[in-house]
Amino acid sequence: MKRYSVFAIAREALRYHTGWERAWRSPEPKKEYDAIIVGAGGHGLATAYYLGKNHGIRNVAIIEKGWLGGGNTGRNTTIIRSNYLQDSSAAIYEKARSLYETMSQDLNYNVMFSPRGVMMLAQTHHEVRGYLRTAHANKLQGVETEFITPQRVKELCPILNIDGPRYPVLGALWQARGGTGRHDAVAWGYARACSDMGMDIIQQCEVKGVRSEGGVVKGVETTKGFIGCKKLGIVVAGHSGQVADMAGFRLPVEAVALQALVSEPIKPCMDIVVMANTVHGYMSQSDKGEMVIGGGTDGFNNYTQRGSFHHIEETLRALIETFPIISRLKMLRQWGGIVDMTGDRSPIISKTPLGNCFINCGWGTGGFKAIPGSGWAMADLMAKGEPGPLAAEFDMWRFKEGRFIDESVAAGVAH
Amino acid sequence: MLLIECPYCGVKAEETELSPGYEAHLKRFGPGSTDEEFEAYMFARKNPKGVHFERWRHSYGCGKWFLAARCTATLEVFGTYPAQVGEPPADIIEKIKARRPDWKGYK
Ligand SMILES: Cc1cc2nc3c(=O)[nH]c(=O)nc-3n(C[C@H](O)[C@H](O)[C@H](O)COP(=O)(O)OP(=O)(O)OC[C@H]3O[C@@H](n4cnc5c(N)ncnc54)[C@H](O)[C@@H]3O)c2cc1C
């Protein structure tokens, strides 16, 4: 792999950009691999990357039914933060956030991580108490966050209306080191690094079945035929229920649509991320100037990657109240992704009833921020067969045993 | 936008008039059940890509809970029926089979 650098840009500029090589190979599948990852989203690719980088397992295939990064990884609104309430969540999200800080250097790929700060508005007394509690918990966890006053909110984001008639801003949870990144670049950067380690990324190849004998996975049936493996990692987000069904077990997961939209581009007016969870909307401004907007999930099981119009209406209604200056903006594009929601709104990184099969899912509406930490923990689990400290509490049996990692009550937010 | 007919008041309600309630026909377990049974009731879901039986409430209409058969891959609604049944009625099953000949059936 040729490194990207300022010298490479200069060299290519002089020869009319004829020397760039493809970022990753597109090989035909081999007969067998040491490990197969199903799903080339951020979490699958990061798992493969850390299998190679941290554990020296490089005979790996990543199998993707569409194109890499075309699932939720390429559809999300890229908010990165780690101020969760529970210790096990804070640990893995903070690991991820800190890996984002050096990701561009590690991967030699600009993922445009922008630690611009994430602000979560408190607009009810209940929310004030909740966020104060989170701020205290974060102190104990070593995650830097603070609870700030409405005046400070206004300073940080002048276009915010803090005196709204329904829900005036009473304060906010502020994580200065949170921010955004470039979602596609995260997938592309990991893909390029995996391909460079000799791993095969096999796109346009759908896994249709899981072949197992005596409780041990032998390989997967795909649209390109049978591919054998010694270990299998299922990392397919919205389709987790489907692939788990092929492997013969059931998950505490439901698939629902989550939508997002962007406005026409305008001049820079907002240099942080703002989330308003009481009214269900959040917004940031992209480098192109578009306002990037999201809200809550649609309410019913859905695999169509499109949602209902009235949810967009609800989100915009909430945001116009919060940011009156956007009331005349035109919205340019809207899209949906299928998110995998668990009962406690926390992810699953787990062994399964099959000996050499592992699953990573349940990131729901908020897994972009977790990609590097999740890949790190999942690679550890797949390499050693047992979870390390980051993944230990995220096993799928916690639902049976009542060990919930309850972020739904803690935050009740969309991401 | 989904259009779903309420089997009680006969109104063809549009989605904003309704509240979704997820998987229908869950067998309820209480005290005395095993951990597995209770987990299955509380959390394990079929979550199919295809025919799904689910609960809806006509919240801005008659206010009653009812059940619907719907395809999660196309959003087609096959039919609705009152909630006081343990499994989908035969006429709904027939309607689904007519539209989805290779459907494996209710289990
Ligand atoms: C609108 C929206 C906004 C969001 N906003 C945020 C946010 O601001 N911050 C945040 O942290 N998170 C956010 N998220 C959540 C985040 O996008 C996801 O949690 C994360 O991207 C999941 O990554 P993944 O790699 O697990 O899944 P995906 O990127 O969905 O990858 C899974 C891949 O598996 C493939 N696959 C599925 N079935 C098969 C099969 N049978 N065979 C082969 N391949 C298969 C799919 O094609 C897909 O490419 C948002 C999500 C949405 C939809």
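What you see is a predicted model, and the numbers here were worked out from it, not measured in a lab.

A. Inspection of the overall build of chain B at higher detail. Broken down by element type, chain B carries two helices and six strands. Walking chain B from its N terminus toward its C terminus, one meets helices and strands in the order β-β-β-α-β-β-β-α. Taking 2.2 N^0.38 as the reference for a compact globule, 107 residues should give roughly 13 Å; the C-alpha atoms of chain B span a radius of gyration of 14 Å, in line with that estimate. Oriented by its inertia axes, the alpha-carbon framework of chain B measures out at about 40 × 35 × 25 Å.

B. Inspection of the overall build of chain A at higher detail. Of the regular secondary structure elements, chain A holds 11 helices and 18 strands. Along the longest, intermediate and shortest principal axes, the C-alpha atoms of chain A span 65 × 65 × 40 Å. About 16,800 Å² of surface is accessible on chain A, with carbon and sulfur atoms providing 53% of the total. Each charge class in chain A was averaged separately, 46 positive and 40 negative side chains, and the resulting centres sit 4 Å apart.

C. Main features of the packing of helix 3 (residues 87-107) of chain A against helix 6 (residues 183-196) of chain A. All names here are of chain A. Two elements in contact, helix 3 and helix 6, have axes whose closest approach is 10 Å; the angle formed by their N-to-C orientations is 45 degrees. It follows from the interaxial angle that helix 3 and helix 6 lie oblique. For the element pair helix 3 and helix 6, the recorded crossing hand is left-handed. Taking contact as the criterion, the partners of Y100, M103 and L107 in helix 3 are, on helix 6, V186, G189, Y190, R192 and A193. Residues of the contact of helix 3 with helix 6, tallied by class, amount to six nonpolar, one polar and one charged.

D. Just the site of the ligand, in detail. All names here are of chain A. In the vicinity of the ligand lie 38 residues, with E64, N72, T73, T77 and K369 positioned nearest. A distance of 2.6 Å is found between an oxygen atom of the ligand and a side-chain nitrogen or oxygen belonging to T73. About the coverage of the ligand: the protein hides 97% of its 1,000 Å² of free accessible area. Within the residue set of the shell around the ligand, elements represented by two or more residues are helix 2 (42-55), strand 12 (253-263) and strand 16 (331-342).

E. Broad picture of the sheet that holds strand 16 of chain A. Residues and elements named next belong to chain A. Spatially, the eight strands line up as an open sheet ordered 5-6-4-13-14-15-12-16, and their pairing is mixed. Edge positions in the sheet fall to strand 5 (146-148) and strand 16, since each of these pairs with one other strand and no more. The average angle at which neighbouring strand axes cross in this sheet is 25 degrees, direction not considered. Pairing geometry for strand 5 and strand 6 (residues 171-175), over three bridges, is antiparallel. When the bridges of strand 6 are listed, I148 appears paired with A172. In the packing of helix 8 (residues 309-322) onto the sheet, the strands contacted are strand 4 (118-122), strand 12, strand 14 (281-285), strand 15 (291-301) and strand 16, and the crossing angle to strand 15 comes to about 140 degrees.

F. Layout of the pattern of salt bridges. In total, this model carries 24 salt bridges over all chains according to the counting rule given. K400 of chain A is the partner of E36 of chain B in a salt bridge, and the nearest nitrogen-oxygen pair spans 3.3 Å. With E36 of chain B in helix 1 (residues 35-42) and K400 of chain A in helix 10 (residues 398-401), the pair connects residues from two separate chains. Residues joined by salt bridges that share partners form a network here, namely E94, R97, E101, E144 and R177 of chain A.

G. Quick look at a positive patch on the surface. Together, R250 of chain A together with K46, K104 and K107 of chain B make up a region of like positive charge exposed at the surface. Exposure remark for R250 of chain A: the relative accessible area of 46% places this residue in the partly exposed category.

H. Representation of the pairing of strand 4 (residues 51-57) of chain B. All names here are of chain B. Most of strand 4 is tucked away, with five of its seven residues classed as buried. Here three bridges tie strand 3 (residues 19-23) to strand 4, and the two strands are oriented antiparallel to one another. Its bridge partner lying in strand 4, S19 is registered against R57. Alignment of strand 4 against strand 5 (residues 65-71), held across seven bridges, turns out to be antiparallel.

I. Region of the structure containing the packing of aromatic side chains. Residues and elements named next belong to chain A. A full pass over the atoms with the stated rule returns 17 aromatic pairs over all chains. Measuring from centroid to centroid gives 5.8 Å for Y93 and W363, while their planes differ by 90 degrees, and the two rings are edge-to-face. Here Y93 is found in helix 3, whereas its partner W363 is found in the loop between strand 18 (357-361) and helix 9 (371-384), with 270 residues between them in sequence. Exposure class is identical for Y93 and W363. Each is buried.

J. Structural context of the pairing of strand 13 (residues 273-276) of chain A. Residues and elements named next belong to chain A. Burial of strand 13 is two-sided: the residues V273 and M275 facing one way and the residues V274 and A276 facing the other way are all buried. Pairing analysis gives three bridges linking strand 4 to strand 13, with the strands arranged parallel. In the sheet register, V118 faces strand 13, and the bridge partner there is V273. With three bridges connecting them, strand 13 and strand 14 associate as antiparallel partners. Paired with V274 across the bridge in strand 14 is M283.

K. Fine view of the nonpolar core. L45, I62, Y190 and I349 of chain A are the most contacted members of the largest nonpolar core, which totals 50 residues. Ranked by size, the runner-up nonpolar core spans 30 residues in total, among them C229, L232, V243 and A247 of chain A.

L. Here's a closer look at the confidence of the model for chain B. Per-residue pLDDT for chain B averages 94, and the proportion of residues at 70 or more is 100%. Mean pLDDT across the elements of chain B ranges from a minimum in helix 1 of chain B, with 91, to a maximum in strand 5 of chain B, with 98.

M. Spotlight on the environment of H126 of chain A. Residues and elements named next belong to chain A. As for its placement among the helices and strands, H126 is situated in helix 4 (residues 125-141). You can call H126 exposed: its relative accessible area is 58%. Along the chain, H126 and K139 lie 13 residues apart, while their C-alpha atoms are 20 Å from each other.

N. Broad picture of the interface of chain A and chain B. Listed per partner, the contact involves 27 residues of chain A and 24 residues of chain B. Contact between chain A and chain B buries roughly 2,200 Å² in total, counting both sides, with carbon and sulfur atoms accounting for 56%. Here chain A is connected to chain B by one salt bridge. At the boundary of chain A with chain B, the tally comes to 12 residue pairs in polar contact (both at pLDDT 80 or more).

Criteria and cut-off values
- Residues numbered from 1 in each chain as written.
- Chains lettered and ligands numbered in written order.
- Predicted model: local features only at pLDDT ≥ 70, side-chain atom pairs only at ≥ 80, totals over all residues.
- Heavy atoms only, no water.
- Helix = DSSP H or I, 4+ residues; strand = E, 2+ residues; numbered from the N terminus.
- Rg over C-alpha atoms; globule rule 2.2 N^0.38 Å.
- Areas by Shrake-Rupley, 256 points an atom, 1.4 Å probe, with all protein chains shown as cover.
- Lys, Arg positive; Asp, Glu negative; His and termini not counted.
- Charge placed at Lys NZ, Arg CZ, Asp CG, Glu CD.
- Axes fitted to C-alpha atoms, helices over the stretch in contact; angles between N-to-C directions.
- Parallel < 35°, antiparallel > 145°, perpendicular 65-115°, else oblique.
- Left-handed = near helix turned anticlockwise from the far one by under 90°.
- Contact = heavy atoms within 4.5 Å.
- Nonpolar A, V, L, I, M, F, W, Y, C, P; charged D, E, K, R; others polar.
- Near = heavy atom within 4 Å.
- Polar contact = N/O pair within 3.5 Å; in protein donor to acceptor, adjacent residues only side chain to side chain.
- Pairing = 2+ DSSP bridges.
- Salt bridge = Lys/Arg side-chain N within 4 Å of Asp/Glu carboxyl O.
- Patch = residues over 30% accessible without salt bridge, like charges linked within 9 Å, V, L, I, M, F, W, Y side chains within 5 Å.
- Buried < 20%, exposed > 50% of the residue type's maximum accessible area, 1.4 Å probe, protein only.
- Phe/Tyr/Trp six-rings, centres within 6.5 Å; stacked < 30°, edge-to-face > 60°.
- Core = buried A, V, L, I, M, F, W, Y, C linked by side-chain atoms within 4.5 Å.
- pLDDT = per-residue confidence, 0-100.
- Buried area = accessible area lost by both parts, 1.4 Å probe.

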